[in-house]
Amino acid sequence: MWFCSSTHQHRFLIVWCRQLCRLVSMGSSAESSLIPEGRSRDSAVRRRHRGSNTSSAPHQPAQAEGMSDRRRSAQIKSLKNEIPPSQKRNHGREGVFKVSAELRKLCLEDFPADKERYFRPKPTETSEFVFGIAPCLLALTQGRRKAYQLLVKDGEASQRASVLRICEEAHRQGVQVSRVSKKDLNKMSSGGVHQGVCLRASPLSYLTVETESSTSGAGIPLWLVLDRIQDPMNLGAVLRSAYFLGVDKVISSLGHSCPLSPVVSKASSGVMEVMGVYGCDSLEEMLRMKVKHGWHVVGTVGADPKESQIPVIPCSDFQVTRPTMLLMGGEGEGLSMKLLSLCQTLLTISAGRDLSPGIESLNISVAAGILLHSLLLTKSRCLSQKETEN
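A few points on the structure. (Residues numbered from 1 in each chain as written. Predicted model: local features only at pLDDT ≥ 70, side-chain atom pairs only at ≥ 80, totals over all residues. Heavy atoms only, no water.)

Another aspect to go through is the environment of K153. Structurally, the position occupied by K153 is in strand β4 (residues 147–153). Sequence spacing of K153 and D184 is 31 residues, and the spatial spacing of their C-alpha atoms is 8.7 Å. When residues no more than four places from it in sequence are discounted, the contact partners of K153 are S158, V180, K182, L185 and G196. (Helix = DSSP H or I, 4+ residues; strand = E, 2+ residues; numbered from the N terminus. Contact = heavy atoms within 4.5 Å.)

So this is what it looks like as structure tokens:
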């Protein structure tokens with residue numbers, strides 16, 4: 001009786017082991033395409049050997065399956081280590097990255113997605129992260145900065161035409177291009193709107209007034225002088241308007257003014273990369289010198305100016321007939337009393353309604369656009385009249 005039950009038990013174990021081997025072979029069929037032919041036969045023998053060994057412990061099938069899973073994972077790791085470097089570079093978390101043919105032509109750096117990284121600057125390098133489509137492209141094309149590395153957001157954003165154009169320019173100049181995550185770009189741009197690209201490059205600084213060229217452009221020059229502009233968004237918007245409308249030069253006070261940061265470049269839509277911005281330690285001395293050379297110093301006040309000995313006229317009534325410097329003060333306080341005392345004329349923007357107390361002024365970027373448009377329009381009319389007379 002005991003012998004019959006033992007025989008049946010032995011046959012049951014054999015059938016159970018064969019079924020286990022079939023399950024193991026089916027689970028590893030997806031891996032067999034990666035295993036060389038000789039290695040696949042050896043692994044199959046080892047799996048059969050494992051199946052036969054489990055007969056000695058029929059009461060522990062879960063442990064046997066756990067051991068087989070661990071051995072299969074070890075084999076997969078060993079196979080991944082044997083993949084050639086040229087193929088291994090394209091393997092990510094879920095297979096091969098989908099990279100467009102254009103980006104492959106640009107020799108973008110491909111590396112596993114779980115190792116997304118950017119190269120930190122050397123201790124001797126002074127760099128910052130320019131962000132945004134227009135600032136990055138103009139920073140590369142204008143050549144005023146030294147570009148070290150272009151960082152592109154991984155994914156579909158890297159296949160946009162605007163991003164590809166920046167990558168092409170970086171590749172042409174020999175600048176390294178790397179793909180990083182959105183989280184990394186957010187850190188580089190300090191939460192700014194980076195549009196999927198950041199450029200690590202040398203910073204821009206204010207130019208000195210002494211470096212200005214001795215030859216002036218054709219026509220009557222108009223300079224914009226900014227005093228204590230502390231908001232980088234306002235400074236960027238003012239630079240954009242000044243460049244668009246045709247201001248000959250922009251000068252800013254160095255004390256209590258924001259630096260030419262990547263935020264200013266983004267707010268100016270890249271104008272800061274094209275237009276040189278000059279810095280001056282003492283605006284008072286520069287204005288006195290310009291007055292001696294026949295320049296017209298014009299200040300700005302709010303819509304409801306206080307009593308002043310300096311004539312105040314609407315900007316629409318002012319005409320640019322000689323070299324002119326337009327002064328604009330910072331947010332809140334406006335021009336300092338020292339600069340106001342040096343002005344020969346004060347301009348104001350006429351309001352279209354009765355204003356409530358506390359809102360008698362415009363944002364400096366908006367006011368700058370209106371004033372510059374009015375002055376440059378009268379300047380062009382004056383030049384046209386002179387040409388007609390001649």
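In this section: helix α7 (residues 133–142). Restricting attention to buried positions, one finds in α7 the residues I133, P135, C136, L137, A139 and L140. In this fold, the buried residues of α7 make contact with β3 (128–131), β4, α8 (161–172), β6 (197–201), α11 (262–267) and α12 (271–274). A positive phi of about 75 degrees marks G143, the residue just after α7. (Buried < 20%, exposed > 50% of the residue type's maximum accessible area, 1.4 Å probe, protein only.)

A word on the sheet that holds strand β12 (residues 312–314). Spatial strand order, β7-β10-β9-β8-β13-β11-β14-β12: eight strands in an open sheet with parallel pairing. The sheet terminates laterally at β7 (207–208) and β12, the two strands that pair on one side only. Where strand β8 (residues 222–227) lies against strand β13 (residues 324–329), six bridges are found, and the strand directions are parallel. Across the sheet, L226 pairs through a bridge with M328, a residue of β13. Its contacts with the sheet place helix α10 (residues 232–245) against β8, β9 (249–253) and β10 (277–280), and it is angled at close to 175 degrees to β8. Of the strands in this sheet, β8, β9, β10, β11 (296–300) and β13 touch helix α13 (residues 283–292), which is tilted by about 155 degrees from β8. (Pairing = 2+ DSSP bridges. Axes fitted to C-alpha atoms, helices over the stretch in contact; angles between N-to-C directions.)

Two faces, one strand: in a regular strand the side chains alternate between the faces of the sheet. The buried fraction of β8 amounts to six of the six residues, a majority that puts the element mostly inside the structure. The alternating pattern of β8 places L222, L224 and L226 on one face and W223, V225 and D227 on the opposite face, and all of these are buried. Of the pairings in the sheet, the one linking β8 to β9 comprises four bridges and is parallel in character. Across the sheet, residue W223 finds its bridge partner in β9, namely K249. Taken together, β8, α10 and β9 form a β-α-β motif whose crossover is right-handed. (Right-handed = clockwise from strand over helix to strand, strands pointing away.)

On the surface, L362, V366 and I370 cluster together into a nonpolar patch covering about 240 Å² of accessible area. The topology assignment puts V366 in helix α15 (residues 364–389). According to the relative accessible area criterion, V366 is partly exposed, its value standing at 42%. (Patch = residues over 30% accessible without salt bridge, like charges linked within 9 Å, V, L, I, M, F, W, Y side chains within 5 Å. Areas by Shrake-Rupley, 256 points an atom, 1.4 Å probe, with all protein chains shown as cover. Salt bridge = Lys/Arg side-chain N within 4 Å of Asp/Glu carboxyl O.)

To continue, consider the nonpolar core. Generally speaking, nonpolar side chains in soluble globular proteins are found buried as a group. If you look at the biggest cluster of nonpolar residues, it comprises 35 residues, and the most contacted ones within it are L224, L235, V250, L326 and M328. Secondary structure elements with two or more residues in this core: β8, α10, α12, β13 and α15. The element contributing the most residues to this core is α15, with seven residues. Residues within four places of M328 in sequence aside, it is in contact with L224, V225, L226, D227, T300, L335, I364, A367, A368 and L371. Of all hydrophobic cores here, the second largest spans 20 residues; its members include V225, I251, L287 and L346. (Core = buried A, V, L, I, M, F, W, Y, C linked by side-chain atoms within 4.5 Å.)

Within the structure shown, the criterion is met by one aromatic pair. Note on W223 and W295: the rings are 4.7 Å apart at their centroids and 55 degrees apart in plane angle, and the pair reads as tilted. One end of the pair, W223, is in strand β8; the other, W295, is in the loop between α13 and β11, and 72 residues separate them in sequence. For W223, a relative accessible area of 7% translates into the label buried. Its relative accessible area of 10% is what places W295 among the buried residues. Geometry around Y278 places K249 over its ring, the cationic atom sitting 4.4 Å from the centre. (Phe/Tyr/Trp six-rings, centres within 6.5 Å; stacked < 30°, edge-to-face > 60°. Lys NZ or Arg CZ within 6 Å of the ring centre and 35° of its normal.)

Among the secondary structure elements, Q173 is positioned in the loop between α8 and β5 (176–180). Looking at Q173, the relative accessible area reads 35%, which means it is partly exposed. The spacing of Q173 and L140 is 33 residues in sequence and 8.3 Å in space, taken between C-alpha atoms. With sequence-adjacent residues up to four places away left out, Q173 is seen in contact with L140 and T141. At 2.7 Å, the side chain of Q173 forms a polar contact with the side chain of E169. (Polar contact = N/O pair within 3.5 Å; in protein donor to acceptor, adjacent residues only side chain to side chain.)

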